[in-house]
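The residues making up each chain are set out below.
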Amino acid sequence: RTHISGTGKTPFICMPVKADAYGHGAVEISKTALESGCSYLAVATVDEGALLREAGIQSPILLLSEALPDELEMAVSYRLVPFISDIGYAELFSRAAEKAGRDLPFNVFLKIDTGMGRLGCAPADALLLARFIAAQKSLKQLGTATHFAVSDSESPEHMKFTRTQIALFNETIQQIQKAGLNPGIVSAANSGATVSYKDALFDLVRPGILLYGYQDARIKPPLDVKPVMELVSKIVYIKKLKSGESVSYGKTWTARNDTFIGILPAGYADGLPRLLSGKNFHVVINGEEYPLVGRICMDQCMIDLGPCPRVKRYDEVTLFGGKKPSCGADDIANLTGTISYEISCNINKRVPRLYVRKCDESD
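Just so we're clear, the structure is a prediction, and the values are computed from it rather than from any experiment.

J.: Explain the overall build of the protein to me, using residue names and the numbers behind them.
T.: Of regular secondary structure, the protein possesses 10 helices and 17 strands. A sequence separation of at least 24 residues applies to 63% of the contacts in the protein between residues at least 6 apart. Accessible surface, the protein: about 18,300 Å² in total, of which carbon and sulfur atoms supply 52%. On the protein, the mean spot of the 41 positive side-chain charges and the mean spot of the 40 negative ones are 1 Å from each other.

Now the structure itself:
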């Protein structure tokens, strides 16, 4: 929890652990986040929230996406906190909570769309929705939230848009308060806004990718964050390749000289993007870089070890994360035209997760 200069407020932190904690493993990441000072967790689906509850996690869990009607009973029973965008959705939860008949009133967040164009009511409709929630004996407005569209951009146009979103959200919160209603926990800041817009921190921040160790290079000031995830494999086979011989599907890479090729049991089914093929990508073995060659297969990829390899079978290979000069998920994202979120989220379930809770500063 970081003190906000000049406000006297210390915002709580909500850690999004949707999509299996961005591919890191939701249960272990959630437990560690709560031990480390986070007060809230956030998921996208009811099943994701149920998984955490069944693992014994008791902290508030925000449900960021809309549940389907047949999931409401489950959402209520697991005490997930839904984001409410309209009266119809509020009515469904009111009835589901009344039917459950326990732990009443049931907590909800009012969601306001200030410019994201996704979930959330129009600012002009927020007071009406707040009044409706307040009128339901089975519901309680635990908080009010919005979401930013371009807070990670330093474009003057985007910065102006984010300022407009903050101002509109502030005005709407004030309207709710002037009507004698309590907006509850006010939350707006994602990763970009948490770093760059101090007036958007309010009561609860929801930084996502930042907590996993990645920060958009456009965000200023930069923070000293380190990736949580390291993707590691091993060389399972080494073979000699003669000059003129090719590697993998499509014969897209041909050896210019005699060399040795290392085979790794990692492919696009594990989350290593096939689009990374032929993109001058290097892995790290014993502190040295080796280029990935040929097309990435479903279950395997190949690296060029050179004519006199200094590595051996079963040596550990870092694909991303870890010590420099290893690259990060953001580097892979840049090479493949996507974002670091997608790279970590796509690491398949068949890839074992090994959690290291404490390590030396040198690690």
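J.: Lay out the packing of aromatic side chains in plain terms, naming residues and giving numbers.
T.: One pass over the full model with this rule turns up 6 aromatic pairs. An angle of 20° between the planes, with centres 4.5 Å apart, marks the rings of Y22 and Y212 as stacked. Separated by 190 residues along the polypeptide, Y22 in helix 1 (residues 18-22) and Y212 in the loop between strand 8 (204-205) and strand 9 (231-234) bring together distant segments of the chain. For the residue pair Y22 and Y212, the accessibility class agrees, reading buried in each case. Ring geometry for F169 and F202: centres 5.5 Å apart, planes at 85°, overall edge-to-face. Separated by 33 residues along the polypeptide, F169 in helix 7 (residues 156-178) and F202 in the loop between helix 8 (191-196) and strand 8 bring together distant segments of the chain.

J.: Can you break down the side chain of H147 residue by residue, with the values?
T.: With respect to the helices, strands and loops of the structure, H147 is situated in the loop between strand 6 (139-145) and helix 7. Looking at H147, its side chain comes within polar contact range of the side chain of R206, at 3.3 Å. The contact partners of H147, leaving out residues within four places of it in the chain, are K111, I112, T114, M116, R118, Q165, A188, N190 and R206.

J.: Outline helix 3 (residues 46-54), supporting the account with residue identities and numerical values.
T.: For the α-helix, the turn length of 3.6 residues means that residues three or four positions removed from each other point alike. Of the residues making up helix 3, those classed as buried are V46, E48, G49, A50, L52 and R53. Close packing links the buried residues of helix 3 with helix 1, helix 2 (26-35), strand 2 (40-43), strand 3 (61-63), helix 4 (72-77) and strand 4 (80-84).

J.: For the state of the cysteines, give the residues involved together with the corresponding values.
T.: By the definition in use, this model includes 0 disulfides. Left without a disulfide partner, C301 is nearest to the cysteine sulfur of C297, which lies 8.2 Å away.

J.: Any details on the nonpolar core? Residues and values, ideally.
T.: One finds V17, L52, F93, I285 and F320 to be the most contacted residues of the largest nonpolar core, which totals 87 residues. The dominant element in this core, judged by the number of residues it contributes, is helix 6 (residues 126-135), at 6 residues. In contact with F93, not counting residues within four places along its chain, are L72, A75, V76, P82, I84, F106 and L139. Counting residues in hydrophobic clusters, the runner-up holds 12 residues, among them C14, Y40, V81 and A145.

J.: With reference to specific residues and values, describe the environment of V232.
T.: Looking at the element boundaries, V232 is found in strand 9. For the pair V232 and A179, spaced 53 residues apart in sequence, the C-alpha to C-alpha distance is 56 Å. Discounting residues that sit within four places of it in the chain, V232 has contacts with E316, V317, T318 and L319.

J.: Go over unusual backbone geometry, please, and point to the residues and values.
T.: Cis geometry marks the peptide bond from L104 to P105, where omega comes out at -5°. The phi dihedral of D20 is positive, around 55°, even though this residue is not glycine. Along the chain, the position of D20 falls in helix 1. For D20, a relative accessible area of 18% corresponds to the buried category. One non-glycine residue, K251, lies in positive phi territory at about 50°. Inspection of the secondary structure puts K251 in the loop between strand 11 (246-247) and strand 12 (253-254).

J.: Would you mind going over the pairing of strand 1 (residues 12-16) in detail, with residue names and values included?
T.: Burial runs high along strand 1: 4 of the 5 residues are buried. Direction of pairing for strand 1 relative to strand 8: parallel, over a ladder of 2 bridges. Note that in strand 8 the partner of F12 across the bridge is L204. Where strand 1 meets strand 2, 3 bridges bridge the pair, whose relative direction is parallel.

J.: Run through the environment of E66, naming residues and quoting values.
T.: With respect to the secondary-structure elements, E66 resides in the loop between strand 3 and helix 4. On the basis of relative accessibility, which here comes to 34%, the residue E66 falls in the partly exposed class. On a C-alpha basis, the gap between E66 and V108 in space is 12 Å, while along the polypeptide they are 42 residues apart. Leave out the neighbours within four places in its chain, and E66 touches S85, D86, Y89 and L119.

J.: Give me the side chain of T114: which residues, what numbers.
T.: Of note, T114 is situated in the loop between strand 5 (106-111) and helix 6. A distance of 2.9 Å separates the side chain of T114 from the side chain of T146, its partner in a polar contact. Setting aside residues up to four positions removed in sequence, T114 forms contacts with T146, H147, Q165, L168 and F169.

J.: How would you explain helix 7 if you had to name every residue and give the values?
T.: Between its first and last C-alpha atoms helix 7 spans 33 Å; for 23 residues at 1.5 Å apiece the expected length is 33 Å, and the two agree. Burial in helix 7 covers these residues: T162, Q165, I166, F169, T172, I173 and I176. Tucked inside the fold, the buried residues of helix 7 contact helix 6, strand 6 and strand 7 (185-187). Downstream of helix 7 by a residue or two, G180 has a phi angle that is positive, lying close to 85°.

J.: Can you tell me about the environment of Y355, naming the residues and giving the values?
T.: By the element assignment, Y355 lies in the segment after helix 10 (340-345). By relative accessible area, Y355 is classed as partly exposed at 34%. Residues Y355 and L241, spaced 114 residues apart in sequence, show a C-alpha to C-alpha distance of 37 Å. For Y355, the contacting residues outside a window of four places in its chain are H24, G25 and E28.

About the criteria used
Residues numbered from 1 in each chain as written. Predicted model: local features only at pLDDT ≥ 70, side-chain atom pairs only at ≥ 80, totals over all residues. Heavy atoms only, no water. Helix = DSSP H or I, 4+ residues; strand = E, 2+ residues; numbered from the N terminus. Contact = heavy atoms within 4.5 Å. Areas by Shrake-Rupley, 256 points an atom, 1.4 Å probe, with all protein chains shown as cover. Lys, Arg positive; Asp, Glu negative; His and termini not counted. Charge placed at Lys NZ, Arg CZ, Asp CG, Glu CD. Phe/Tyr/Trp six-rings, centres within 6.5 Å; stacked < 30°, edge-to-face > 60°. Buried < 20%, exposed > 50% of the residue type's maximum accessible area, 1.4 Å probe, protein only. Polar contact = N/O pair within 3.5 Å; in protein donor to acceptor, adjacent residues only side chain to side chain. Disulfide = S-S within 2.5 Å. Core = buried A, V, L, I, M, F, W, Y, C linked by side-chain atoms within 4.5 Å. Pairing = 2+ DSSP bridges. Expected span 1.5 Å × (residues − 1).

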